[in-house]
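Reading the structure
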Amino acid sequence: MQFRDLKTQYTVLKDEMDKAILDVVASSAFVMGPKIKEMETAFADYVGAKHCVACNSGTDALLLALKVWDVKAGDAVFVPSFTFFASAEVIAMQGATPVFVDVDKDTFNMDVVDLERKIEQTLKAGQLTPRVVIAVDLFGLPADFKAIRKVAEKYHLYVMEDGAQGFGGRIGKQKACTFGDISTTSFFPAKPVGCYGDGGAVFTDDDEWAALLESYHIHGKGSDRYDNVRIGMNSRMDSIQAAVLLVKLKAFAQYELEDVNKVACRYTEKLKGVVKTPVVPEGYYSSWAQYTLQVKDKEVRTGLQNALKALDIPTAIYYPIPMHKQTAFNYLNPSDNRCPVSEALADTVISLPIHPYLSEADQDMICKAVCEFLNK
Ligand SMILES: *Cc1c(COP(=O)(O)O)cnc(C)c1O
């Protein structure tokens, strides 16, 4: 069994996908060109943002946004401790300081009470200037942006949405990747909408920031690419990836997002009461980048993982080490970065296979195996 079955997806989309890829090859417009513009327009329209700038990865997307805001040494950027490394890595890459915020034990997303506590702590220490909050839509569920924005406004901070896993999620009618002043996503193959390699995008409604993003992602270009007005990056999206994404977005919007939600609903129905299933608050809609259970402790988790493995059911631990415990961040003062919920989650979470093409028979087999092991 596959954890995320990209092969079946390709089989379903094969005719359209092969043609889309070969059309780019025949056009020989491999980098930039009309496919990129088409992709940017389609993705901006889908989420409801004014601008989409395609780039080379979700990590680059985050980095580009920090460059637009000139985040630098001496700045504090608030980021959840329970996330993928890239959300925090980019802060350090800019020379700024990540301040780790704990998460909510039910939604896995940024705990707004702890956010305010960490901002106050940072102000009191007087070493750093609070600039940005990066809120992550972990496992596909949008963060609590209403509450986050309130705190951000109080302290005059920018809000960035790391929607690498959140693409397709919603709060009410508003779609993920529109909740930040700048929002980002990733098209890494295993994300809700993935390409056939690395890819990412930045979304914003702000014309000036969009123009800066356009410049930063092509070597800080000015009037043309050999007129360089700032230090930028090479972070263009390949045209083949744009073509792949146009085919994928159509399937995602037509049925994949709904289908993956059906899988999650069925999982929850069958596992409720046996194990702690993921919580989707009222009015929220998840894109189910992951379906993540919480078990009692690390020992139970290892047991469950082995029992499922014996039945050829793959599982994954997202994430085994919170950011404030990562070796790469040892240089930060750890006493300032207490995140007990993140630490507990790192020991107790386990993610089940989930994707739109998971058969009901496989879903049932997985749920039966989980129930049998935990009811023992
Ligand atoms: C995957 C991911 C990223 C990075 O995306 P890449 O395309 O792999 O660079 C950033 N943040 C989160 C939360 C992610 O899951």
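Anyway, here's the lowdown on the structure attached to this text.

About the thresholds
Residues numbered from 1 in each chain as written. Predicted model: local features only at pLDDT ≥ 70, side-chain atom pairs only at ≥ 80, totals over all residues. Heavy atoms only, no water. Helix = DSSP H or I, 4+ residues; strand = E, 2+ residues; numbered from the N terminus. Expected span 1.5 Å × (residues − 1). Contact = heavy atoms within 4.5 Å. Near = heavy atom within 4 Å. Polar contact = N/O pair within 3.5 Å; in protein donor to acceptor, adjacent residues only side chain to side chain. Areas by Shrake-Rupley, 256 points an atom, 1.4 Å probe, with all protein chains shown as cover. Nonpolar A, V, L, I, M, F, W, Y, C, P; charged D, E, K, R; others polar. Core = buried A, V, L, I, M, F, W, Y, C linked by side-chain atoms within 4.5 Å. Buried < 20%, exposed > 50% of the residue type's maximum accessible area, 1.4 Å probe, protein only. Axes fitted to C-alpha atoms, helices over the stretch in contact; angles between N-to-C directions. Parallel < 35°, antiparallel > 145°, perpendicular 65-115°, else oblique. Left-handed = near helix turned anticlockwise from the far one by under 90°.

Remarks on helix α11 (residues 360-374)
Quick reminder: α-helices carry 3.6 residues per turn. Residues three or four places apart thus point the same way. Taking 1.5 Å as the rise per residue, α11 with 15 residues should run 21 Å; its terminal C-alpha atoms sit 21 Å apart, in good agreement. If you follow the buried residues of α11, they end up packed against α8 (239-271), β11 (291-294), α9 (298-310) and β12 (349-352).

Brief notes about the site of the ligand
Close to the ligand lie 14 residues; Gly58, Thr59, Gln165, Ser186 and Lys191 are nearest. Between the ligand and Gly58, the relevant distance is 2.7 Å, taken from an oxygen atom to a main-chain nitrogen or oxygen of the residue. In this structure, Thr59 approaches the ligand through a side-chain N or O atom, which is 2.5 Å from an oxygen atom. In isolation the ligand exposes 380 Å². Once the protein is present, 93% of that is buried. Elements supplying a minimum of two residues to the shell around the ligand: α3 (58-68) and α4 (86-93). Looking at the shell around the ligand residue by residue, the classes come out as four nonpolar, eight polar and two charged.

Here's the deal with the nonpolar core
As a rule of thumb, soluble globular proteins bury nonpolar side chains together. Phe43, Phe167, Tyr267 and Leu271 are the most contacted members of the largest nonpolar core, which totals 64 residues. Here this core takes 15 residues from α8, the largest share from any one element. Contacts of Tyr267, omitting those with residues within four sequence positions, involve Tyr291, Leu352, Pro353, Ile354, Leu358, Gln363, Ile366 and Cys367. In terms of nonpolar packing, the next biggest core, distinct from the first, is built from 31 residues, Leu66, Val71, Ile91 and Cys339 among them.

Re the packing of α3 against α4
It is at 9 Å that the axes of α3 and α4 come closest, and there the two elements cross at 40 degrees. With respect to α4, the axis of α3 lies oblique. Crossing hand, α3 versus α4: right-handed. Counting all contacts with α3, which are made through Thr59, Leu62, Leu63 and Leu66, the residues of α4 involved are Ala86, Ser87, Glu89, Val90, Ile91 and Met93. Partitioning the contact of α3 with α4 into residue classes produces seven nonpolar, two polar and one charged.

Geometric descriptors of this kind do not, in isolation, establish any biological role.
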